[in-house]
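Each chain, letter by letter, is given below.
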Amino acid sequence: MLLVQENAAGVDVPDGYVMKPEDRPSAEAPVAQIPVIDVGLLSGERKADGGDEEAAKLRSALESWGIFMVSNHGVEPCVIDGMCSASREFFQRPLEEKMKYSQAKDGEKYEDFHQGYGSKELKLEHKSTRDWVDRMFLQVEPQEHRQLHLWPESFRDILHEFFVQQSSLVNKSLLPAMARLLGFDDDFFGEKLRGRALTFARLSHYPSCPRPDLVLGVKSHTDATIVTVLMVDNNASGLQVQKDDVWYDVPCPTDPHALLIFVGDNTEVISNGVFKASVHRVVTNAQNERTSVAMFYVPIPEEVAPADDLVNDSSLDGATKQ
Ligand SMILES: O=C(O)CCC(=O)C(=O)O
Ligand SMILES: [Fe+2]
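Since the model is a prediction, treat every value here as computed from it, not as a measurement.

Q: Looking at this structure, I do not really get the coordination of the iron ion (ligand 2). What am I missing?
A: Reference values for coordination geometry: four tetrahedral donors around a metal ideally subtend 109.5 degrees, six octahedral donors ideally subtend 90 or 180 degrees. Donor atoms from the polypeptide that coordinate the iron ion (ligand 2) comprise His221 (NE2), Asp223 (OD) and His280 (NE2), at 2.1 to 2.3 Å from the metal. Within one chain, the residues donating to the iron ion (ligand 2) are spaced in sequence as H-x1-D-x56-H. One end of the pair, aspartate 223, is in the loop between β6 (216-221) and β7 (227-232); the other, histidine 280, is in strand β11 (residues 279-283), with 57 residues separating them in the sequence. Aspartate 223 sits in the buried class, given a relative accessible area of 5%. On the basis of relative accessibility, which here comes to 4%, the residue histidine 280 falls in the buried class.

Q: Please clarify how the sheet that holds strand β8 (residues 239-243) should be interpreted in this entry.
A: Two orientations exist for strands paired in a sheet by backbone hydrogen bonds: parallel and antiparallel. With antiparallel pairing, 4 strands are arranged side by side in an open sheet as β6-β11-β8-β9. The strands lining the two open edges of the sheet, one partner per strand, are β6 and β9 (246-249). If you compare each strand with its neighbour and ignore which way they point, the axes differ by 25 degrees on average. Relative to β11, β6 is paired through 3 bridges, and the arrangement is antiparallel.

Q: Where do I start with the state of the cysteines in this structure?
A: In a disulfide, the sulfur atoms of two cysteines are held together by a covalent bond. A complete count under the given rule lists 0 disulfides for this structure. Considering cysteine sulfurs only, cysteine 252 is the nearest to cysteine 84, which forms no disulfide, with 11 Å between them. Lacking any disulfide linkage, cysteine 209 is separated from the closest cysteine sulfur, that of cysteine 252, by 18 Å. Cysteine 209 gets classed as buried once you look at its relative accessible area, which sits at 1%.

Q: Explain helix α2 (residues 51-63) here, please?
A: Think of an α-helix as 3.6 residues a turn; residues three or four steps apart then line up on the same face. Counted at 1.5 Å a residue, the expected span for α2 with its 13 residues is 18 Å, and the 18 Å between its end C-alpha atoms agrees. Of the positions making up α2, those classed as buried are Gly51, Glu54, Leu58, Arg59, Ala61 and Leu62. The buried residues of α2 occupy one face: seen down the axis, they fall within an arc of 165 degrees. Looking at the buried residues of α2, the elements they touch are β1 (36-38), β2 (67-71), α5 (153-181) and β10 (259-263).

Q: Even after reading the chapter, I still don't get the site of ligand 1, so can you show me in this structure?
A: Close to ligand 1 lie Arg202, Tyr206, His221, Asp223, Leu230, Leu239, His280, Val282, Arg290, Ser292 and Phe296, which account for all nearby residues. In the model, an oxygen atom of ligand 1 is placed 3.1 Å from a nitrogen or oxygen of the arginine 202 side chain. Between ligand 1 and serine 292, the relevant distance is 2.7 Å, taken from an oxygen atom to a side-chain nitrogen or oxygen of the residue. Computed on the free molecule, ligand 1 has an accessible area of 290 Å², of which 99% lies beneath the protein chains in the complex. Of all the secondary-structure elements, those providing two or more residues to the shell around ligand 1 are β5 (198-206), β11 and β12 (290-298). Looking at which element gives the most residues to the shell around ligand 1, the answer is β12, with 3 residues.

Q: Sorry if this is basic, but what is going on with the sheet that holds strand β4 (residues 134-141) here?
A: Strand order in this open sheet of 8 strands is β1-β2-β10-β7-β12-β5-β4-β3, and the pairing throughout is mixed. Edge positions in the open sheet fall to β1 and β3 (116-118), since each of these has one partner strand only. When the angles between neighbouring strand axes are averaged without regard to direction, this sheet yields 25 degrees. When β2 meets β10, the two strands line up antiparallel, connected through 4 bridges. Bridging from a neighbouring strand, valine 70 pairs with leucine 259 of β10. Taken strand by strand, α2 contacts β1, β2 and β10, and its axis lies near 140 degrees from that of β1. In the packing of α5 onto the sheet, contacts are made with β2, β4, β5, β7, β10 and β12, and the angle to β12 comes to roughly 55 degrees.

What counts and how
- Residues numbered from 1 in each chain as written.
- Chains lettered and ligands numbered in written order.
- Predicted model: local features only at pLDDT ≥ 70, side-chain atom pairs only at ≥ 80, totals over all residues.
- Heavy atoms only, no water.
- Donors = N, O, S within 2.8 Å, 3.2 Å for Na, K, Ca; no water.
- Helix = DSSP H or I, 4+ residues; strand = E, 2+ residues; numbered from the N terminus.
- Buried < 20%, exposed > 50% of the residue type's maximum accessible area, 1.4 Å probe, protein only.
- Pairing = 2+ DSSP bridges.
- Axes fitted to C-alpha atoms, helices over the stretch in contact; angles between N-to-C directions.
- Disulfide = S-S within 2.5 Å.
- Expected span 1.5 Å × (residues − 1).
- Arc of directions from axis to C-beta.
- Contact = heavy atoms within 4.5 Å.
- Near = heavy atom within 4 Å.
- Polar contact = N/O pair within 3.5 Å; in protein donor to acceptor, adjacent residues only side chain to side chain.
- Areas by Shrake-Rupley, 256 points an atom, 1.4 Å probe, with all protein chains shown as cover.

Right, here's the structure in full:
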């Protein structure tokens, strides 16, 4: 079978989705105390108004969870609402409609790195289990590489606007604040996302699943990014993060317009392990469907190496410079 949507109506799940017993989620997970960072206070000049405290919260999140929420982030609420409803509307369309945006040719299986609509179809030789998710995967940057024929008209403009506003959040606020925590110039991370760097959007739709005890929405992974920005709809939680070998639930943000930020692998490497990439997964839910939109900020591989100043600097000893 090609798409999760086709399986979701059944009472049981096909074998290909059933996780090995050791990888199945437990019924109850503790709740992660993910900090909410007020981005407005992070700019270099806001020390007196609580900026130091906010920077300390950011540091603690970067060094432990590898994930945090942001408020006051400059992405307009109407843009977040618009992106959320455009994604839901797209996934609710009949399958034949959505398949117009699939890159898989007739009879061919969709593969994850292809742009367009589909679901991760594992090759037979792969032993790994399938994820309970349908997706739309699109390259957003460099803009001249966009495959606009795969962008449904209904969300072309809103996805572009969502990207423009959040890339300003990433480049003007978040990455400079992260660089300052390591004692670097504001542009330290940002310059790794210029030129041939790539940005991808992934819209994910998790239909309700009859066996959340056996099946995962997305298996445990880290993102191969500098950072990932995630918008979740508030219909259902499902995201979990791992810390010290324990899986924690990430609750839906109480502010429906908050965004989640993941530290990606590349930042862990560049910071020489000072900042931790978030290990995360998505569990399924028997009652509710769920939609998310992730934006992946991916540098060119040559930019990914531990920063010289952080290597062999015994004075750091696991802590960061101020
Ligand atoms: O849907 C989510 O909450 C997370 C998705 C995710 O981790 C990913 O697409 O890399
Ligand atoms: Fe992820």
